[in-house]
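Take a look at the letters that make up each chain.
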Amino acid sequence: MNKVATCLLINAVLVAGGVSQEKVNLDVVAEIKAEGIKASQVMETMHQLTDKHGPRLTSSPNYKAAAEWCVESLNGWGLESAALEPWGAFGKGWQTNHYSVEMTAPQYANLIAHPKAWTPGTNGPVSGEPILVEIESEEDFAEYRGKLQGSIVLWEPTRDAETHFEADAKRHSEADLTELMKAPAPGEKPSWWARRAEYRKRRELRLKRNAFFKEEGVAVVLEPSQREHGTIRVSSGGSYKMDAEPVVPQLVVAIEHYWRIVRLLKHDIQVNLKVEVENQFFDDDSLGYNVVAEIPGADKRLKSEVVMLGGHLDSWHSGTGATDNAAGCAVALEAVRILKAIGAKPRRTIRIALWGGEEQGLLGSRGYVKKHFGDRENMNLTGEHPKLSGYFNLDNGSGKIRGIYLQENDAAKPIFSAFLEPFGDMGASTLTTRNTGGTDHLAFDALGLPGFQFVQDPLDYSTRTHHTNMDVYDHAIEADLIQASVIMASFVYHTAMREQKLPRKPLPKPRKPATF
């Protein structure tokens, strides 16, 4: 048998056996590692996005300043077409300028608290004895009608403060990763699926309760945090819509401080509180914006095709938005900086996108996908839809990358297995066909585009930092972000260098019209 025939036979055996022939340029991987590890700028980027420009609530002055800093940095690194790109109408911006919650009797205490987003200020200090209410349905409104004018309202806590007997932070064990690699059982739903109806019910009651408090002239509402140890989890209490109905001022209070007040009231001990909040709305620009920039493709045939990477730039407002999600943005920014620094010449165009409005429902990524790739409702696709090879997202805290979710795209498995191989000694080797949700890759996946989120070590993301006042720079681990930056840079580079685009799942069908 001659050499040519032997090679053909070997290739046929390899293909038949399913062995990946995916090309990985180890010389480029070595350059990426050298630049990303020895000359990393990821923590300087974290500092800029958090300490200097955090928090970054969508359409707030801080968000716009952070976005402009990103554009300036991308230009400075040599990327092209760096800009703020509007994704559609959003609404009002908001920020808090001052707040304090104090107990003045029976003893003085300065309470840990924070205003909820898109709520008004108190128009000066509000003082008095708080009123504890228990409202579990609309029928309970009658008990308090006419009794709440000008009052500070608390409602009955639904949970106790819990002592934590296990560390808040953890890394994935080998057992965790092995379990993650298993395909879900047929019909298996995520844990939150069964709670959807209860969540909708609570949300409906909350909206009606807010309207009732406004109608009754309540001065300010305090509610307990859903975290312990002085950590407060805060999101929105009002709407960002331009024509939204006004609500009363609302703050979240540390659950330990909150329970002290409740116990005092239940023991008929007089409590006096003093609350003052100054918040500000911004309605001069109702549009929402993403940050975009490109490393142009160098291959005449493939440069019109695009590989994307990113994460959401917006955050909630009680911390500085470090782990959610300055970390993901800093990694994506560092990845493109690394590629420019080593002089990479990708065949396809690499485009970074930092999204706005993620915390309000993936608004920035969904707006971008609709504008550039197609309408999910009717599946009318644009000419750009066939040009996207894939999108890589990072948004599960600041933990290092351990692998990648395939979103049920089995055909991508051998490709990503090859991409991960040079990083096995850095802890990244897990491939799971499972879906993961809650972030911006879903906007792409919903339209039949390859969109992926990396598997990350959880650290203390869900136990301490997520949407809380502890989401700050200090909870970002430098070594983990360096590792993630290097892996993301390699993934987007090698995707851009492939002869073919990443494989796709079948196109979804148009969604059925809503029925009423």
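This is a predicted model, so every value here is computed, not measured. (Residues numbered from 1 in each chain as written. Predicted model: local features only at pLDDT ≥ 70, side-chain atom pairs only at ≥ 80, totals over all residues. Heavy atoms only, no water.)

Quick notes on the confidence of the model for the protein
This prediction gives the protein a mean pLDDT of 94; 95% of its residues lie at or above 70. For the protein, per-element mean pLDDT is lowest for helix H1 (residues 3–16), which scores 39, and highest for strand S13 (residues 349–355), which scores 99. (pLDDT = per-residue confidence, 0-100. Helix = DSSP H or I, 4+ residues; strand = E, 2+ residues; numbered from the N terminus.)

A short note on the pairing of strand S8 (residues 220–224)
In terms of residue burial, S8 counts as a mostly covered element, since five of its five residues are buried. In the sheet, strand S7 (residues 152–155) pairs with S8 via three bridges, with the strands oriented parallel. Looking across to S8, one finds that leucine 154 is bridged to leucine 222. Where S8 meets strand S9 (residues 250–253), four bridges bridge the pair, whose relative direction is parallel. Looking across to S9, one finds that valine 221 is bridged to glutamine 250. (Buried < 20%, exposed > 50% of the residue type's maximum accessible area, 1.4 Å probe, protein only. Pairing = 2+ DSSP bridges.)

Some points on the nonpolar core
With 69 residues, the main nonpolar core has Leu74, Leu339, Ile352, Phe392 and Phe416 as its most contacted residues. Among the elements that make up this core, the one with the highest residue count is helix H9 (residues 322–341) (twelve residues). Within the second largest apolar cluster, 24 residues are counted, among which are Met103, Ala109, Ile152 and Trp259. (Core = buried A, V, L, I, M, F, W, Y, C linked by side-chain atoms within 4.5 Å.)

What to know about the packing of helix H11 (residues 413–420) against helix H14 (residues 478–497)
Contact geometry for H11 and H14: axes closest at 10 Å, N-to-C directions at 130 degrees. In terms of their interaxial angle, H11 and H14 are classed as oblique. Here H11 runs over H14; the crossing is right-handed. Residues Phe416, Phe419 and Leu420 of H11 lie in contact with H14, whose contacting residues are Phe491, His494 and Thr495. Here the contact of H11 with H14 is composed, by residue class, of four nonpolar, two polar and no charged. (Axes fitted to C-alpha atoms, helices over the stretch in contact; angles between N-to-C directions. Parallel < 35°, antiparallel > 145°, perpendicular 65-115°, else oblique. Left-handed = near helix turned anticlockwise from the far one by under 90°. Contact = heavy atoms within 4.5 Å. Nonpolar A, V, L, I, M, F, W, Y, C, P; charged D, E, K, R; others polar.)

Things to note about the sheet that holds S13
Judged by pairing direction, the sheet is mixed, and its eight strands sit side by side in the order S1-S11-S13-S12-S16-S19-S17-S18 without closing on themselves. Edge positions in the sheet fall to strand S1 (80–89) and strand S18 (430–432), since each of these pairs with one other strand and no more. Taken pair by pair, the neighbouring strands of this sheet meet at an average axis angle of 25 degrees, ignoring direction. Judged from the three bridges that link them, strand S17 (residues 401–405) and strand S19 (residues 451–456) form a sheet pairing that is antiparallel. Looking across to S19, one finds that isoleucine 401 is bridged to glutamine 456. Packed onto the sheet, H9 meets strand S11 (287–295), strand S12 (306–312) and S13 and runs at close to 145 degrees relative to S12.

Thoughts on the side chain of asparagine 409
With respect to the helices and strands, the residue asparagine 409 is situated in the loop between S17 and H11. Looking at asparagine 409, its side chain comes within polar contact range of the main-chain oxygen of proline 503, at 2.9 Å. Setting aside anything within four residues of it in sequence, one finds asparagine 409 in contact with Phe452, Pro503, Arg504 and Lys505. (Polar contact = N/O pair within 3.5 Å; in protein donor to acceptor, adjacent residues only side chain to side chain.)

Structural notes on the pattern of salt bridges
The tally for this structure, following the rule as stated, stands at 26 salt bridges. The shortest N-O distance in the salt bridge between glutamate 174 and arginine 402 comes to 3.9 Å. Within this pair, whereas glutamate 174 is found in helix H6 (residues 174–181), its partner arginine 402 is found in strand S17, the two being separated by 228 residues in sequence. Given the relative accessible area of 56%, glutamate 174 is considered exposed. For arginine 402, a relative accessible area of 7% corresponds to the buried category. Between arginine 347 and glutamate 499 there is a salt bridge; the shortest N-O distance is 3.2 Å. Residue arginine 347 is located in the loop between H9 and S13, and its partner glutamate 499 is located in the segment after H14; the two are separated by 152 residues in the primary sequence. The partly exposed category is assigned to glutamate 499, whose relative accessible area is 42%. A single salt-bridge network, built from bridges that share partners, covers Arg171, Glu174, Arg402, Asp457 and Asp480. (Salt bridge = Lys/Arg side-chain N within 4 Å of Asp/Glu carboxyl O.)

Here's the deal with the sheet that holds S8
The strand order across the open sheet built from five strands is S4-S9-S8-S7-S6, with neighbouring strands paired in mixed fashion. Edge positions in the open sheet fall to strand S4 (113–115) and strand S6 (131–133), since each of these has one partner strand only. Each neighbouring strand pair of the sheet contributes to a mean axis angle of 30 degrees, computed without reference to strand direction. The strands touched by helix H7 (residues 196–215) within the sheet are S6, S7, S8 and S9, with S7 carrying the most contacts at an inclination of about 155 degrees. Against the sheet, helix H8 (residues 255–266) contacts S6, S7, S8 and S9, and its axis sits at roughly 110 degrees relative to S8.

Quick notes on the packing of helix H3 (residues 42–52) against helix H4 (residues 61–76)
Packed helices, taken two at a time, are described by the angle between their axes plus the distance between the axes. Interaxial distance between H3 and H4 falls to 9 Å at its minimum, and their mutual angle equals 155 degrees. Comparing their axes, H4 and H3 come out roughly antiparallel. Counted together, Thr45, Gln48 and Leu49 of H3 and Ala66, Trp69 and Cys70 of H4 form the full contact between these two elements. Among the residues making up the contact of H3 with H4, the classes are represented as four nonpolar, two polar and no charged.

Things to note about the environment of alanine 169
Assignment of secondary structure puts alanine 169 in the loop between S7 and H6. What makes alanine 169 partly exposed here is its relative accessible area of 42%. When the C-alpha positions of alanine 169 and serine 239 are compared, they lie 33 Å apart, and in sequence the two are 70 residues distant. Not counting chain neighbours up to four residues away, the residues in contact with alanine 169 comprise Leu459 and Asp460.

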